[in-house]
Amino acid sequence: MRYRNATAYRFLTPYLLIFAIFWVWPIISSFMISFQATRTVPWRFAPGFNWGRLIGDPAFFNALKNTLLILVIQVPVMIALAMVMAVLLNSPLLKARGLYRFAFFAPVVVGEVAYSAVFRLMFSLDFGIVNKLLNSIGLPKIDWFSNVTPAMALIMIAVTWRWAGYNAIILLAGMQSIPEDVYEAATLDRVSKLKQFFYITLPLLKPVIVFCAVLSIIGTMQLFTEPFLITERGGPGGGTETLGLLLYRQGFRSLNFGYASAVAYTMAALAIAITLVQLWLTREPK
Amino acid sequence: MSSLSSARLKRSIALHLFLTPLALIWLFPLWMMVVFSTMPDNGIFSPGIELLPHGNFVDNFNNLQRDTDFVGAIFISVCVAVTYTVLSVLLTSMAGWALARYQFFGKSAVVAIILGTITLPYAVVLIPQFIMVARDFQLANTWVALIVPPLFNSLGVLFMRQSFSMMPDDLFDAARVEGVKEWRIFVFVALPLARPMLAALCIILFLASWNNYLWPLLINSQPGSMTAPVALGTLIGLTKVSWGGIMAGAVMLTVPMLIVFVLLQRHFIAGIAAGAVK
């Protein structure tokens, strides 16, 4: 390949310019803002002000706890479900494949606001179709919005509905890139389909699964719209408040940019930790 | 032989018996969105189970337009999404081209940084972006504020880099021998060859802009400058609001994208799958 500094940078400049202004500078800037008291004019440097508050803030620990709880339950369930979808959609025995693909992949194009509105209506206490259906098969109604456990479950159900198909698309593409003859050889050796899945598909797909998991974890860590719109600003009583919502309230309702930046950097630290685990999981065996 | 095919038949039936209910559950929220959008409010909040569409969509839409200027918001959303898509495709394909086809100083650093941003939470840049655009540039409630800051995206560049690097060298070298300038090679040789990938990228970018919620919510909060999802979001949670209207709005946001999805499914899936499979 040719060494062409000038030409290359001419093509790259517009992109790098946007990157520098709207990403590089903000990354540095929010780090610095997190060390400033931002509710005085002018802002003043006070290193312990936000971080000290963060460590002793029950609202922060509540949001952190809720976020981690959603992460730990929702992400594995969703990835497993996406895996099931991908395996079954990949089966040569499946008829009307297009219809099934549409059913699982359609949520990918649905906006957060539109689906939050629908879920809110579907799960409402007295007139929600879900409670009506539960009632009609003899089960009691569930008060999805006034109790913490059902409210958290509702958030997880909504996110899983929205993102399982997205992950299934990625996993399916990964499966289809595994060469067919590996399976043919295994079938000739009378290896059962189930064993083929555990000993061929899963190991070869590991990097893709880890990629899906990391993207999902980072997405879920910043969860905002669902608790904002479905459970009404993190209700009941902060029961579904996430780090994303805390950041929004602190930054854009109370206009406390310093504290919100500290929350943002906590999320970044978690993301970096998760990325390091990913690199460790997918490292080349020596 | 017949026992083998009957085993296959059993497996096939089991597969469909499992997958069909799951598919119906998955379609159910979308179906209910359509049903709700056609029901009068007193029908949505009635004790009966209604699973079929009624004929009230137009009334619901009028209620929605009474609650908020949804048509105006749709207009903003369309213009912003189209402009964003054009600009972003241009930026990302140019950057992808440079990363795929040239050797230059700092290349591996640029790639490493782009890869690094995939796993960096957007939350980290959100606050300074807001301060910069709203306070320093005084651009809140403008189209520029909606279009420009989200222009940076990492997966798109990696996707285009991948697409361009798979093209054979001879194609471009032949043109270089003729003395064709690099930017002309990019525009007239490389871009036409990359048409399927560009289509995939366009769809993904348009959708991202169309559905974007958090940034437009923060930066364009004045009633006349809101995008459609933001305008719809302001109604959710109000006490005196037409839920049939909200559902009509949700349908208007969703159904066009579903149609695009069905028509261009292959490009769509290629665009999403490109993130992981390299």
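Rules used in this analysis
Residues numbered from 1 in each chain as written. Chains lettered and ligands numbered in written order. Predicted model: local features only at pLDDT ≥ 70, side-chain atom pairs only at ≥ 80, totals over all residues. Helix = DSSP H or I, 4+ residues; strand = E, 2+ residues; numbered from the N terminus. Rg over C-alpha atoms; globule rule 2.2 N^0.38 Å. Buried ≥ 20, exposed ≤ 12 C-beta atoms within 10 Å, placed from the backbone. Contact = placed C-beta atoms within 7 Å. Expected span 1.5 Å × (residues − 1). Bend = angle between axes of the 7 residues up to and from the residue. Core = buried A, V, L, I, M, F, W, Y, C linked by C-beta atoms within 7 Å. Nonpolar A, V, L, I, M, F, W, Y, C, P; charged D, E, K, R; others polar. pLDDT = per-residue confidence, 0-100. Domains from an automatic or database assignment. Axes fitted to C-alpha atoms, helices over the stretch in contact; angles between N-to-C directions. Parallel < 35°, antiparallel > 145°, perpendicular 65-115°, else oblique. Left-handed = near helix turned anticlockwise from the far one by under 90°.

Colleague: Can you break down the overall build of chain B residue by residue, with the values?
Modeller: Counting its regular elements, chain B contains 15 helices and zero strands. Relative to the compact-globule value of 19 Å for 278 residues, chain B shows a C-alpha radius of gyration of 24 Å, a clear excess of over 25%. Principal-axis analysis of the C-alpha atoms places the extent of chain B at approximately 75 × 75 × 35 Å.

Colleague: How would you explain the overall build of chain A if you had to name every residue and give the values?
Modeller: Of the regular secondary structure elements, chain A holds twelve helices and two strands. The principal-axis extents of the C-alpha atoms in chain A amount to approximately 75 × 70 × 35 Å. Sorting the 286 residues of chain A into buried and exposed places 44% on the buried side. Restricting the contact set of chain A to residue pairs at least 6 apart, pairs at least 24 apart contribute 70%.

Colleague: Residue-level account of helix H1 (residues 5-33) of chain A, with values.
Modeller: Relative to the 42 Å expected for 29 residues at 1.5 Å per residue, H1 of chain A spans just 36 Å between its end C-alpha atoms, considerably shorter than the ideal helical length. Most pronounced at Thr13 of chain A, the bend in H1 of chain A amounts to some 50°, and the proline Pro14 of chain A follows within four residues. Buried within H1 of chain A we find Ala8, Phe11, Leu12, Tyr15, Ile18, Phe19, Trp23, Pro26, Ser30 and Ile33 of chain A. Elements in contact with the buried residues of H1 of chain A: strand S1 (36-37) and helix H12 (257-281) of chain A together with helix H4 (70-101), helix H5 (107-118), helix H6 (123-136) and helix H8 (154-165) of chain B.

Colleague: Any details on the nonpolar core? Residues and values, ideally.
Modeller: Nonpolar side chains tend to gather and get buried jointly when the protein is soluble and globular. Judged by nonpolar contacts, the single largest core of 165 residues is most densely connected at Ala82, Val118, Ala168, Leu171, Val263 and Ala264 of chain A together with Ala250 of chain B. Counting residues per element, this core draws most heavily on helix H7 (residues 148-176) of chain A, which supplies 16 residues. Beyond its immediate stretch of four places on either side in the chain, Ala250 of chain B contacts Ala114, Ala117 and Val118 of chain A together with Met33, Ser37 and Leu232 of chain B.

Colleague: Describe the interface of chain A and chain B, and please don't skip the residues or the numbers.
Modeller: Each partner contributes residues to the interface: chain A has 81 residues there, and chain B has 72 residues. Of the residues belonging to the side of chain A that touches chain B, the class tally is 59 nonpolar, 16 polar and six charged.

Colleague: So what about the confidence of the model for chain B? Which residues, and what values?
Modeller: Put simply, chain B has an average pLDDT of 90, and 97% of its residues get 70 or more. Confidence estimates for the predicted assembly give a pTM of 0.91 and an ipTM of 0.90.

Colleague: Account for the domain arrangement of chain B, naming residues and giving values.
Modeller: Here the domain parsing of chain B yields domain 1 (2-56) and domain 2 (68-235). The distance between the C-alpha centroids of domain 1 of chain B and domain 2 of chain B comes to 37 Å.

Colleague: Lay out the environment of Leu71 of chain A in plain terms, naming residues and giving numbers.
Modeller: Residue and element names in this part refer to chain A. Along the polypeptide, Leu71 turns up in helix H3 (residues 58-89). The class of Leu71 is partly exposed, set by 19 C-beta atoms lying within 10 Å. Each C-alpha atom, one on Leu71 and one on Met156, is 9.1 Å from the other, the two residues being 85 residues apart in sequence. Non-local contacts of Leu71, meaning those with residues more than four positions away in its chain, are made with Ile217, Thr220 and Met221.

Colleague: Lay out the environment of Leu51 of chain B with the relevant residues and their values.
Modeller: Residue and element names in this part refer to chain B. With respect to the helices, strands and loops of the structure, Leu51 is situated in the loop between helix H2 (41-44) and helix H3 (57-67). Looking at Leu51, the number of C-beta atoms within 10 Å reads 10, which means it is exposed. Residues Leu51 and Phe28, 23 residues apart in the sequence, show an inter-C-alpha distance of 9.7 Å.

Colleague: Residues and numbers for the packing of H3 of chain A against helix H11 (residues 243-253) of chain A, please.
Modeller: Residues and elements named next belong to chain A. The geometry of H3 relative to H11 is characterised by a closest axis approach of 8 Å and an angle of 145° between their N-to-C directions. Of H11, the residues touching H3 (which contributes Ala59, Phe60, Ala63, Leu64 and Thr67) are Leu243, Leu245 and Leu246. A class-by-class count of the residues in the contact of H3 with H11 yields seven nonpolar, one polar and no charged.

Colleague: So, H7 of chain A: which residues are in play, and what are the values?
Modeller: Here H7 of chain A is 29 residues long and its end C-alpha atoms lie 41 Å apart, about the 42 Å a rise of 1.5 Å per residue gives. At Trp163 of chain A, H7 of chain A is deflected by roughly 35°, the largest bend along its length.

Colleague: Which residues make up the packing of helix H13 (residues 228-235) of chain B against helix H14 (residues 243-263) of chain B, and what are the values?
Modeller: Residue and element names in this part refer to chain B. Between H13 and H14, the shortest axis-to-axis distance is 10 Å and the interhelical angle comes to 160°. The angle between H13 and H14 falls in the class roughly antiparallel. As for how H13 packs across H14, the hand of that crossing is left-handed. Listed contacts from H14 to Ala228, Pro229, Leu232 and Leu235 of H13 are Ile246, Gly249, Ala250 and Leu253. A per-class count over the contact of H13 with H14 returns seven nonpolar, one polar and no charged.

Colleague: Describe unusual backbone geometry, naming the residues involved and giving the relevant values.
Modeller: Residue and element names in this part refer to chain A. Here the bond from Val41 into Pro42 is cis, since omega is -10°, no more than 30 degrees from zero. Locating Pro42 in the fold gives a position in the loop between S1 and strand S2 (44-45). Following Gly235, the chain continues to Pro236 via a peptide bond in cis, the omega torsion being -5°. The residue Pro236 is located in the loop between helix H10 (225-230) and H11 in this model. Unusually for a residue other than glycine, Ala96 sits at a positive phi of about 50°. In this model, Glu232 sits at a positive phi of 60°, which is unusual for a non-glycine residue. With respect to the helices, strands and loops of the structure, Glu232 is situated in the loop between H10 and H11. For Glu232, a count of 15 C-beta atoms within 10 Å puts it in the partly exposed group.

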